[in-house]
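# Breakdown of the fold
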Amino acid sequence: SAVISQKPSRDICQRGTSLTIQCQVDSQVTMMFWYRQQPGQSLTLIATANQGSEATYESGFVIDKFPISRPNLTFSTLTVSNMSPEDSSIYLCSVEDQTGDVYEQYFGPGTRLTVT
Amino acid sequence: QKEVEQNSGPLSVPEGAIASLNCTYSDRGSQSFFWYRQYSGKSPELIMSIYSNGDKEDGRFTAQLNKASQYVSLLIRDSQPSDSATYLCAVSGSWGKLQFGAGTQVVVTP
């Protein structure tokens with residue numbers, strides 16, 4: 001499976017600021033996804049990021065708050081804008097790996113964000 | 001609202017016993033089903049995927065799928081303390097999007 005890295009691994013940010021999270025993959029992938037995992041909760045999909053097109057956001061998530069870039073097939077960024085303490089979460093990118101007819105998603109190590 | 005339901009646990013399992021985890025889903029159109037293991041402070045790790053009705057075995061893990069009952073399960077045989085983690089059931093909808101259950105915490109006791 002693909003090797004996925006994320007930067008930063010963790011950060012503590014002040015209310016009202018923005019943080020950009022980077023996701024790097026060691027191979028070209030078509031589908032990349034961004035998830036949020038709030039404390040003690042499961043994963044919630046924020047958006048799907050495909051190269052060459054705008055990201056597709058899930059209900060409850062908007063581009064102004066979570067702008068996403070996907071400049072090529074190995075890299076994506078998620079920005080958390082105008083942060084509030086409610087944005088304190090783990091943010092995870094994932095990639096879809098295809099082997100024949102099998103599609104599986106693998107996750108990066110995550111970015112632990114604390115907003116004070 | 002499409003949902004994936006799991007018992008939150010914790011599920012306490014003696015070392016060497018079988019852990020049985022259950023998951024139900026509401027979207028009848030779902031085609032792909034996954035089990036992820038997540039250790040505390042770590043990201044989810046894919047341990048099993050299943051696409052057809054029946055059983056799929058991989059080492060000590062067996063996934064079972066029943067699409068008619070909208071039910072998928074995971075069995076962990078010969079449970080070890082290293083199996084103590086939260087197990088997330090995920091169901092794939094359109095365009096590869098995964099919907100996750102809340103997760104079941106498994107605690108294997110020596």
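Below is a short write-up of the structure. (Residues numbered from 1 in each chain as written. Chains lettered and ligands numbered in written order. Predicted model: local features only at pLDDT ≥ 70, side-chain atom pairs only at ≥ 80, totals over all residues. Heavy atoms only, no water.)

Looking only at helices and strands, one finds zero helices and 11 strands in chain A. Moving toward the C terminus, one meets the helices and strands of chain A in the order β-β-β-β-β-β-β-β-β-β-β. A compact globule built from 116 residues should have a C-alpha radius of gyration of about 13 Å, and chain A, at 14 Å, falls within 12% of that. On the principal axes, the C-alpha backbone points of chain A span a range of 45 × 25 × 25 Å. Per-residue burial for chain A yields a buried fraction of 48% across its 116 residues. For chain A, restricting intrachain contacts to residue pairs at least 6 apart in sequence, the fraction spanning at least 24 positions comes to 52%. Surface summary for chain A: the accessible area is close to 5700 Å², and the carbon and sulfur share equals 46%. Distance between charge centroids for chain A: 12 Å, based on 7 positive and 11 negative side chains. (Helix = DSSP H or I, 4+ residues; strand = E, 2+ residues; numbered from the N terminus. Rg over C-alpha atoms; globule rule 2.2 N^0.38 Å. Buried < 20%, exposed > 50% of the residue type's maximum accessible area, 1.4 Å probe, protein only. Contact = heavy atoms within 4.5 Å. Areas by Shrake-Rupley, 256 points an atom, 1.4 Å probe, with all protein chains shown as cover. Lys, Arg positive; Asp, Glu negative; His and termini not counted. Charge placed at Lys NZ, Arg CZ, Asp CG, Glu CD.)

Look at any regular strand and the pattern is simple: side chains alternate between the two faces of the sheet. Residues and elements named next belong to chain A. Most of strand β9 (residues 89–99) is tucked away: eight of the 11 residues are buried. When strand β4 (residues 31–37) meets β9, the two strands line up antiparallel, connected through six bridges. Bridge pairing in β9 places Met32 opposite Val95. Pairing of β9 with strand β11 (residues 111–115), which is carried by three bridges, proceeds in the antiparallel orientation. Within β11, the residue paired with Tyr91 across the bridge is Thr111. A loop of two residues connects β9 with strand β10 (residues 102–107), the two strands running antiparallel in sequence, and Gly100 in this loop sits at a positive phi of about 65°. (Pairing = 2+ DSSP bridges.)

Turning our eyes to something else, we now look at the state of the cysteines. Going through the model one piece at a time under the given rule, you end up with two disulfides over all chains. The side chain of Cys23 of chain A participates in a disulfide bridge whose partner is Cys93 of chain A; the two sulfur atoms lie 2.0 Å from each other. Sign of the S-S torsion, about 70° for the bond between Cys23 of chain A and Cys93 of chain A, identifies this disulfide as right-handed. With Cys23 of chain A in strand β3 (residues 19–25) and Cys93 of chain A in strand β9, this pair connects stretches of sequence that are 70 residues apart. Each member of the pair, Cys23 of chain A as well as Cys93 of chain A, is classed as buried. Residue pairing for Cys23 of chain B: its cysteine sulfur links by disulfide to Cys89 of chain B, the two sulfurs lying 2.0 Å apart. A torsion of -75° about the S-S bond marks the disulfide between Cys23 of chain B and Cys89 of chain B as left-handed. One end of the pair, Cys23 of chain B, is in strand β3 (residues 19–25); the other, Cys89 of chain B, is in strand β9 (residues 85–92), with 66 residues separating them in the sequence. Here Cys23 of chain B matches Cys89 of chain B in class, with each residue buried. Left unpaired, Cys13 of chain A is separated from the closest cysteine sulfur, that of Cys93 of chain A, by 17 Å. (Disulfide = S-S within 2.5 Å.)

Another aspect to go through is unusual backbone geometry. Cis geometry marks the peptide bond from Lys7 of chain A to Pro8 of chain A, where omega comes out at -10°. Among the secondary structure elements, Pro8 of chain A is positioned in the loop between β1 (4–7) and β2 (10–13). Across the junction of Gly9 of chain B and Pro10 of chain B, the peptide omega takes the value 10°, indicating a cis bond. Mapped onto the elements, Pro10 of chain B comes out in the loop between β1 (4–6) and β2 (11–14). A positive phi angle is found at Gln70 of chain B, which is not glycine, with a value near 55°. Among the structural elements, Gln70 of chain B can be located in the loop between β7 (61–66) and β8 (71–76). Judged by its relative accessible area of 12%, Gln70 of chain B is buried. Notably, Asp78 of chain B is not glycine yet its phi reads approximately 50°, a positive angle. Here Asp78 of chain B lies in the loop between β8 and β9.

To continue, consider the interface of chain B and chain A. Interface size, as often reported, equals the accessible area lost upon joining of the parts. Across the contact, 17 residues belong to chain B and 20 residues belong to chain A. Around 1400 Å² of area is buried between chain B and chain A when both sides are counted, 55% of it from carbon and sulfur atoms. Taken together, the links from chain B to chain A amount to one salt bridge. Among the salt bridges present, the one from Glu58 of chain A reaches Lys97 of chain B, with a minimum N-O distance of 2.9 Å. At the boundary of chain B and chain A, one finds seven residue pairs in polar contact (both at pLDDT 80 or more). Every element with two or more residues in the side of chain B that touches chain A is listed here: β4 (32–38), β5 (45–50) and β10 (98–100) of chain B. Residue contributions to the side of chain B that touches chain A peak at three residues, all from β4 of chain B. (Buried area = accessible area lost by both parts, 1.4 Å probe. Salt bridge = Lys/Arg side-chain N within 4 Å of Asp/Glu carboxyl O. Polar contact = N/O pair within 3.5 Å; in protein donor to acceptor, adjacent residues only side chain to side chain.)

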